[in-house]
Amino acid sequence: MPKLLVCYKWVLDEQDIKIRPDDLSLDASRAKGKLSDFDRNAIEEASLIMEAQGGTVDALTYGLPTVKASVKDVLSRGPSRLLWIGDPAADQADAYVIANVLAAAIRKAGPYDLILCGEGSSDLFYQQIPARLAALLELPCVSFVQKLTLEGPVLTATRSLGDGTEEVRVTGPAVVSVLGEINKPRIPSLKQVLGASKKPSEELPLAGLGLTEAELEPKALRRAPRGFLMNRKNIIYKDADPAANVGKLVASLEAEGLRG
Amino acid sequence: MPGIFIYSEDPRLAQQLLTPALELKKDLRQPVVALTTDPEAASILAALGADRVVVLRSALTSPEALAPAVAQLLAKEGAQVVLVGGTLRGKHLAAHAAAVLKAGLATDARHLALSDGRLVARRMLYAGLAVSDEELTLPALATIPPRTFPVPTQAPNPGVVENLDVLGDPRMTVFSSTPVQGEGVDITTAVRLVAVGRGFGHKEDLGLARDLAGALKADLACTRGIAEDEHWLPIERYIGISGQTVRPELYLATGLSGQVQHMVGCREAKVIVAVNKDERAPIFEMADYGIVGDLYTVLPLLTAALNKN
Amino acid sequence: MSILLTEEQQLIGQSARDFAKEYLEPIAVELDHTASYPAALVKNLAAHDFLGLFLPGEFGGAEAGFVSMAQVIENLSRASAGVASILVNHSLAAYALQRWGTPAQKQAFLPALASGETLGAFAAFEHGPRPGVGPQALQATHLPEGWVLSGTKAFVRNAGAAQVYVVLAGTDPAAGGKAVAAFIVKADAVGLTVGEPLETMGLRGCPVADLDFEHVVLTDAALLGDLKDGQAITAETFALASVAEAAQTLGIAQAAVEHAAAYAKTRIQFGRPIASLQAIQTLLAETATDCHLGRLGLLQAADLIDRGEPFRVEAAMLKQFLARVGSRLLVDTVQVEGGFGYSEFMPLPRLFRDIAGTTLLEAPADFPDATIAASLLA
């Protein structure tokens, strides 16, 4: 009966973020919070293991105090318990700080047989937390997993690395990062949504995690992002006669030095 | 001895990392040290400008297995900047090392500079929607995507190569590996590309695009669906957010709508041209030139006009 | 909307939206063409607890309440109002049984309705006058052998797919519309036949047919509520139908507005997107305003049902407002999209036909007026 932990991030839905045309700054005022895409896969994977083998799944998150809004959403997707750390400075935190906080929380709430994370968050996509966490907790890290099985203490996984796949085995507790292709998260049923409020959730105060000031000071400071706007000529030929359009395009290509 | 360290398990990518490393050396005035497991790659790196090359000798040579040993070495040497090739394996190693060094790490940095003693890295956010700069206090790490920088030219004095025995991390056993079935195609170096999407109804119809590509001396590329769902073209020709990124002089998109996930892979092309029968297709907003029309009519006419001399 | 909805209600709405995107969107167009009953999809709806949405936990229901039901129906209707119709009509039968059933009747039928093992239907209409208005063609006579039902019910949604029907029948031809009672009739009842499926203009995928009763004999246990409850059952179930159809209408309208707005941004005429034209902006703004206000009215009516308070007047107001707004809204969005909007490969024609079903049927235009006026002038 494994004791599992899933780390997740509550992010702004990037689909709702707009670029202000005058200064290319980002307007996130209409952006709603959502569960980061690959973390959804991680939660689903943990839930599937628990459904098959019993045990428990704790969900853990570190974010702004508004992260409280994620509690029922996440609990409706399978976890048995949710631990959340709210910190007004969380939006300045970099991967160094985030990993420190999560590791401290895991030392307090653990030990766990398996720690699952998504490959990277859908907003900033650092792809660092899993390996950082593993290093801090002195556990092996199995990253970029597209398939995994847990049998007792033995984890077998298929990793997908861009240039190929490899099958690996680890015995004992480990940190895993999962890819989006590992599973298709199910849509919570109404009873699961309503059952979420009956599951325990607990705030872990940041002050109680025993972190030093240095561990909470970001090493990387993000400057204001600029939207990427295409600035293209947009010369579109729409004549009813295709031959006429073709003639004009060829002339344009020639002018650009791109013919032949 | 502090230094600017570089590492990639991919020899070509490691060579590319020398370019930003040597640039940073001008400001930091610290030696450039390359780490590798391959003695042949080592001599090339030394010839291209690395001051020192350390050949790591270990029974386990994957980046993941070497991560703890590399982290220890970087800490011992007092590395100030570490550039790691941004393959998935490289990212794993870099993150591990960053945790051990208690340092910041910029993922997929496309531009690096020093400012006020800090490393400034530029990277994309929100699936390509935005770009932002990160300022990292030193020591700092960054992962660099392949082909972000060119390989530097030969250096006047080659660097020194030394060997170092290290212990790999045995906790993860690899018991089988399957390389991706590729066709050895590399479209990332193509100067011109003709890309195809779902506007083509049948595999045979791609012949129209091939003919056009021939007339333009271009190579063929495609959207995710054409490669991964239809398997009409090999995966190496797929351009997009989880496929290839290209920067050709000409990108001619035919029968594809121009979704963000695809355009992220080609939006830095010098000239983008689109042919699509739907005038509301997003591609037209991202194109320099375009024709609204049926590709089955337009492509043969275009090919003929280009071939006419 | 978040100040009016609890977190659970928002999450339920989100689940329904995700479900609609995943399972309804891919089949909506095909379903509209073939009108063939999507049995597998209904099973899937059941697996997500949608069929027992407001039924009590003791019968296996989700007890999620009617505000949640409104959320679910609206979100499903954004993708396919036809599928939502199946759920709505099943819910009418479930509601009547839950509200007026004896413990034995509830035990006999609600668990299967909640789990979706049984699909329900509410057989109210006829080719003649509405129940409560004029004498019913379907008459129930109490004979020694029990209740005997003879006649026809018309336009029964879910007919043929349902396993249990809640049927309104006249009990005294002399009393005209006043003598109405409700009966629980199982689909396998001897003498009950489902007529030919009716091809409808919209809401396709939800089966519609007549139910013919030829000397169908029912025991006394088949009577739902008391004989005198017939009018209340009729009025209240129709009121619930108004609320549910309001949710459908809003879902369809929302889909139409979003489609038209997206279209207006990309359609370039005379060098500018048509979204920049005053006329277009006015059309879109008016329809969006109507949707917004209609939704507030819907939530309030659903909330009254949750509190067990009377809601017939509010339901009538909703029906009246949306009937006026519904089809005008579709005309406006087709105007925005012009020739494209008129083409069958766009969603608007289907939405147009669907909204005709949710706003124009079930009650003649003056009915809601009469209910509202009666409450003011009493």
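Reading the values: rules and limits
- Residues numbered from 1 in each chain as written.
- Chains lettered and ligands numbered in written order.
- Predicted model: local features only at pLDDT ≥ 70, side-chain atom pairs only at ≥ 80, totals over all residues.
- Contact = placed C-beta atoms within 7 Å.
- Helix = DSSP H or I, 4+ residues; strand = E, 2+ residues; numbered from the N terminus.
- Nonpolar A, V, L, I, M, F, W, Y, C, P; charged D, E, K, R; others polar.
- Pairing = 2+ DSSP bridges.
- Axes fitted to C-alpha atoms, helices over the stretch in contact; angles between N-to-C directions.
- Parallel < 35°, antiparallel > 145°, perpendicular 65-115°, else oblique.
- Expected span 1.5 Å × (residues − 1).
- Buried ≥ 20, exposed ≤ 12 C-beta atoms within 10 Å, placed from the backbone.
- Core = buried A, V, L, I, M, F, W, Y, C linked by C-beta atoms within 7 Å.
- Domains from an automatic or database assignment.

## Things to note about the interface of chain A and chain B
Each partner contributes to the interface: chain A provides 62 residues, whereas chain B provides 61 residues. Elements supplying a minimum of two residues to the side of chain A that touches chain B: α3 (95-109), α4 (129-137), β9 (141-151), β11 (164-171), β14 (220-222), β15 (226-227), β16 (235-237) and α6 (242-255) of chain A. Ranked by residues supplied to the side of chain A that touches chain B, first place goes to α6 of chain A with eight residues. Residue classes in the side of chain A that touches chain B are distributed as 33 nonpolar, twelve polar and 17 charged. The pairing of β16 of chain A with strand β16 (residues 289-292) of chain B spans three bridges and is classified as parallel. The residue of β16 of chain B that forms the bridge with Tyr 237 of chain A is Ile 291 of chain B.

## What about the packing of helix α4 (residues 66-79) of chain C against helix α8 (residues 278-307) of chain C?
Residues and elements named next belong to chain C. Two elements in contact, α4 and α8, have axes whose closest approach is 7 Å; the angle formed by their N-to-C orientations is 140°. Judged by the inter-axis angle, α4 sits oblique to α8. Contact residues: α4 offers Phe 66, Val 67, Met 69 and Ala 70, while α8 offers Leu 298, Leu 299, Ala 302, Asp 303, Ile 305 and Asp 306. Here the contact of α4 with α8 is composed, by residue class, of eight nonpolar, no polar and two charged.

## Some remarks on helix α4 (residues 88-101) of chain B
All names here are of chain B. For α4, built from 14 residues, the straight-helix expectation of 20 Å at 1.5 Å per residue is met to within 8% by its first-to-last C-alpha distance of 20 Å. Taking burial as the measure, the 14 residues of α4 include 13 buried ones, the bulk of the element. Looking at the residues trailing α4, positive phi occurs at Lys 102, about 55°.

## Focus on the nonpolar core
With 268 residues, the main nonpolar core has Phe 183 and Val 243 of chain C as its most contacted residues. In terms of residue count, the dominant contributor to this core is helix α7 (residues 230-266) of chain C (18 residues). Listed in part, the 54 residues of the second largest apolar core include Ile 187, Val 196, Phe 200 and Tyr 289 of chain B.

## Brief notes about the domain arrangement of chain C
Residue and element names in this part refer to chain C. Domain boundaries assigned for chain C yield domain 1 (7-119), domain 2 (121-230) and domain 3 (231-377). The gap between the C-alpha centroids of domain 2 and domain 3 is 30 Å. Each partner contributes residues to the interface: domain 2 has 15 residues there, and domain 3 has ten residues. Across the side of domain 2 that touches domain 3, the residue classes tally to eight nonpolar, five polar and two charged.

## Quick look at the sheet that holds strand β2 (residues 32-36) of chain B
All names here are of chain B. Read across the sheet, seven strands follow the order β5-β9-β4-β1-β2-β3-β10 without closing on themselves; strand pairing throughout is parallel. Edge positions in the open sheet fall to β5 (104-106) and β10 (160-165), since each of these has one partner strand only. Going from strand to strand, the sheet's axes swing by 20° on average, the running direction of each strand aside. Bridging between strand β1 (residues 4-7) and β2 involves four bridges; their strand directions are parallel. For Tyr 7, the partnering residue across the bridge sits in β2 and is Leu 35.

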